[in-house]
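Report on the structure
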Amino acid sequence: MTDLLFTRITGRLLLICLLLGLLLAAALLLAAAIGSSNKSPLAIIDFVRALSEPGSTEHTIIWKIRLPRVLLAAMVGATLSLGGLVFQVLLRNPLAEPYILGVSGGAAVGAIAGMLIGIPFFPGVTASAFAGSMATLGIVMLLASGARAGGKDSLLLAGVMMNAFAGALIMFFISMSDSNRLHHILFWLMGDLAMADAARLPLFGLILPCYLIIFILARPMNLLLAGRDAAASLGVNVRQISLTLLITATFMVSLVVCLSGLVGFVGLVIPHILRLTIGPDHRLLVPASLLGGATYLVFCDLLARTLSTGGELPVGIITAMIGAPLFIFLLWRVRQ
Amino acid sequence: MLHDISLTIGSEEFFIIIGPNGAGKSSLLKALIATERIEAGAISLFGRPQDAYSRRELARLAALVPQGLETHFPFKVADTVLMGRSPHLGLLAVEQEEDYAIARQAMQATDTIHLAGRTLEQLSGGERQRVIIARAICQQPRLLFLDEPTASLDLAHQIRIMDLLENLRQERKITICMVSHDINLAAMYADRLLLMKEGRVMKIGPPDVVLEEKLLEKSYECPLLVDENPATGTRRVVPLPAKFSRAASVNNQKGRPTIPVDYE
């Protein structure tokens, strides 16, 4: 008996993964082929030719520079998008996002502090970034939970304030540092994928298990949206599940901040578009956010590399130019 | 918040907790369904200590219809009801035909099947309440807890919800335990009432025993009239303006002016 009342999960999951997977594959191919040396879409042809000629300059550029960068963009996009989705569930607010909540800013403060002290990138800087983001998130949630009325707005306000504070701390650190580090840190701050190198890609070995944990918890994420008591009465161990999601999401976001700096709004844009197109079920949204976020950031990075004639833009500028207006639109619509 | 409470709810009983605001009715309900832990004392369900159950085991035995409904993201009614299957499914398990059939029956029993394709935001208060009851019975519980399910509904919908609960109790052999602000509804449907005040039990028993004028006046701290509902034969409680209070009627030798009942 076919039953059209309910959303059938398995078929839709396969279809969505297939479609978004193809989209991601196409974006990866395009982004690996196109670079500052060859901006036309016909670059694909050169790309295929270059791949078949080991030892050529193009071949080296693609394997040593572009591919690690494109893969980094994909992983960063996937992580930030999924991070946004998780925070939206935990805070029951579709406007929650790692960058807006100040989680990314807190990670950046931690990371810069680590860099200035001169501890090794792994585990030193990543650990201090994680500590920074957890501290920020803790303060934001504490501030927001204190205010009963207008809870949604007070959460955003707390996030904005923590972001401002993190920004001030970052500027303070920068003004204390010597000038040859300055350019590097500033660029990193704006969200920069240029420092991708193959040596750092293994860090994603730490991020992949996070994806898995969140995917496994997709059903409880649906139930959490019904409210704490309702979720508990439906068999969810609310405290344990929320804490697991919170730590997992914050951990992967802070790792990504260490690798790529502050790339904002990905976690707002992608889950929002996906919720509109495939519905609110997190068993679909979790994998879709990963694939969609990856595709989106690969695409944004491609724009960042090719839009400007005088060198390249930090990708964070592109994502903010797309994301911030959407955020304002959503905020306006929530108030209607 | 709660003190010295000792009670047993019988199998398939319709048990209603009443009392003034801040009496601890919802706290007791939360303690019974273990969404809030109690500091001292013990609760057992079907002869087994409550804390010996896992959350999932508990959710297969007892369902909750919470007060108010949170709708943050646009889930469809059918998918909301289907969430009631969660405690019966593993984390990565997918719903089977049997689960769809159970959810369908739950929607038929609550008369919500025609709403299946809508989102919760598109429903009226009464419709939402029935959808949440459908989700609860989709859990196939033996015990159903409800926190003021008739609050903010009009008269027709209040009765509709109460009749629905009575039917579910009889057809599915479910024990019902609910918090209600509406004493008259409670009197018509409950097997037993628990009257609470300031976290304590004032009286527990059949409606005819609990709905006693002096006891209610003491609990609610307002003048009341208790008489018999001529249609149902159950007790009927009407709050009265302050000028009808006992203190006022002592000064006024005529007693309560318009009530043809003898007050010492």
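Just above sits the structure.
Structure report, in brief. Everything quoted here is computed from the prediction, not taken from an experiment. (Residues numbered from 1 in each chain as written. Chains lettered and ligands numbered in written order. Predicted model: local features only at pLDDT ≥ 70, side-chain atom pairs only at ≥ 80, totals over all residues. Heavy atoms only, no water.)

1. Looking at the interface of chain A and chain B
Contacts between the two partners involve 35 residues from chain A, matched on the other side by 38 residues from chain B. Interface area for chain A against chain B, summed over the two sides, is near 3,100 Å², with a carbon-plus-sulfur share of 62%. One can count four salt bridges joining chain A with chain B. Those elements giving two or more residues to the side of chain A that touches chain B turn out to be α1 (9-33), α8 (204-216), α9 (218-224) and α10 (228-233) of chain A. A breakdown of the residues in the side of chain A that touches chain B according to their chemical character gives 17 nonpolar, nine polar and nine charged. (Contact = heavy atoms within 4.5 Å. Buried area = accessible area lost by both parts, 1.4 Å probe. Salt bridge = Lys/Arg side-chain N within 4 Å of Asp/Glu carboxyl O. Helix = DSSP H or I, 4+ residues; strand = E, 2+ residues; numbered from the N terminus. Nonpolar A, V, L, I, M, F, W, Y, C, P; charged D, E, K, R; others polar.)

2. Things to note about helix α4 (residues 97-109) of chain B
All names here are of chain B. With 13 residues, α4 extends 18 Å between its outermost C-alpha atoms, agreeing within 8% with the 18 Å of an ideal straight helix rising 1.5 Å per residue. Within α4, burial applies to Asp99, Tyr100, Ile102, Ala103, Ala106 and Met107. The buried residues of α4 occupy an angular sector of 160 degrees when projected down its axis, which confines them to one face. Close packing links the buried residues of α4 with α3 (77-82), α5 (125-138) and α6 (155-172). Just downstream of α4, Asp111 is the residue with a positive phi angle, here 55 degrees. (Expected span 1.5 Å × (residues − 1). Buried < 20%, exposed > 50% of the residue type's maximum accessible area, 1.4 Å probe, protein only. Arc of directions from axis to C-beta.)

3. Re the pairing of strand β4 (residues 62-65) of chain B
Residue and element names in this part refer to chain B. Residues of β4 alternate between two faces, with Ala62 and Leu64 on one and Ala63 and Val65 on the opposite face, all of them buried. As paired elements, β4 and strand β5 (residues 143-147) share four bridges and run parallel to each other. Paired with Leu64 across the two strands is Phe145, which belongs to β5. (Pairing = 2+ DSSP bridges.)

4. Structural notes on the packing of helix α4 (residues 103-117) of chain A against helix α11 (residues 238-260) of chain A
All names here are of chain A. Closest axis-to-axis distance for the α4/α11 pair is 9 Å, and the angle between their directions is 55 degrees. The orientation of α4 with respect to α11, classified from their angle, is oblique. By crossing handedness, the relation of α4 to α11 is classed as right-handed. Taking contact as the criterion, the partners of Val103, Ser104, Ala107, Ala108 and Ala111 in α4 are, on α11, Thr250, Val253, Ser254, Val257 and Cys258. Considered class by class, the residues forming the contact of α4 with α11 number seven nonpolar, three polar and no charged. (Axes fitted to C-alpha atoms, helices over the stretch in contact; angles between N-to-C directions. Parallel < 35°, antiparallel > 145°, perpendicular 65-115°, else oblique. Left-handed = near helix turned anticlockwise from the far one by under 90°.)

5. Some thoughts on the packing of aromatic side chains
Between two aromatic rings, the relevant description is the distance of the centres plus the angle of the planes. Evaluated as defined, the whole model comprises five aromatic pairs over all chains. Centre to centre, the rings of Tyr99 of chain A and Phe265 of chain A are 5.4 Å apart; their planes meet at 55 degrees, and the pair counts as tilted. Taken together, the residues Tyr99 of chain A in the loop between α3 (57-90) and α4 and Phe265 of chain A in the loop between α11 and α12 (266-278) connect sequence positions 166 residues apart. Relative accessible area serves as the criterion here: at 26%, Tyr99 of chain A is assigned to the partly exposed category. For the ring pair Phe14 of chain B and Tyr189 of chain B, a centre distance of 6.4 Å and an interplane angle of 40 degrees mean the geometry is tilted. Taken together, the residues Phe14 of chain B in strand β1 (residues 14-18) and Tyr189 of chain B in helix α7 (residues 183-189) connect sequence positions 175 residues apart. Grouping residues by exposure puts Phe14 of chain B and Tyr189 of chain B together as buried. The ring of Phe46 of chain B carries the charged tip of Arg142 of chain B above its face, separated from the ring centre by 3.9 Å. (Phe/Tyr/Trp six-rings, centres within 6.5 Å; stacked < 30°, edge-to-face > 60°. Lys NZ or Arg CZ within 6 Å of the ring centre and 35° of its normal.)

6. Regarding α4 of chain A
Residues and elements named next belong to chain A. For α4, which comprises 15 residues, the first-to-last C-alpha distance of 21 Å matches the rise-based estimate of 21 Å (1.5 Å per residue) to within 8%. Burial of α4 is extensive: twelve of the 15 residues sit out of reach of the surface. Phi for Gly118, located one or two positions after α4, is positive at around 90 degrees.

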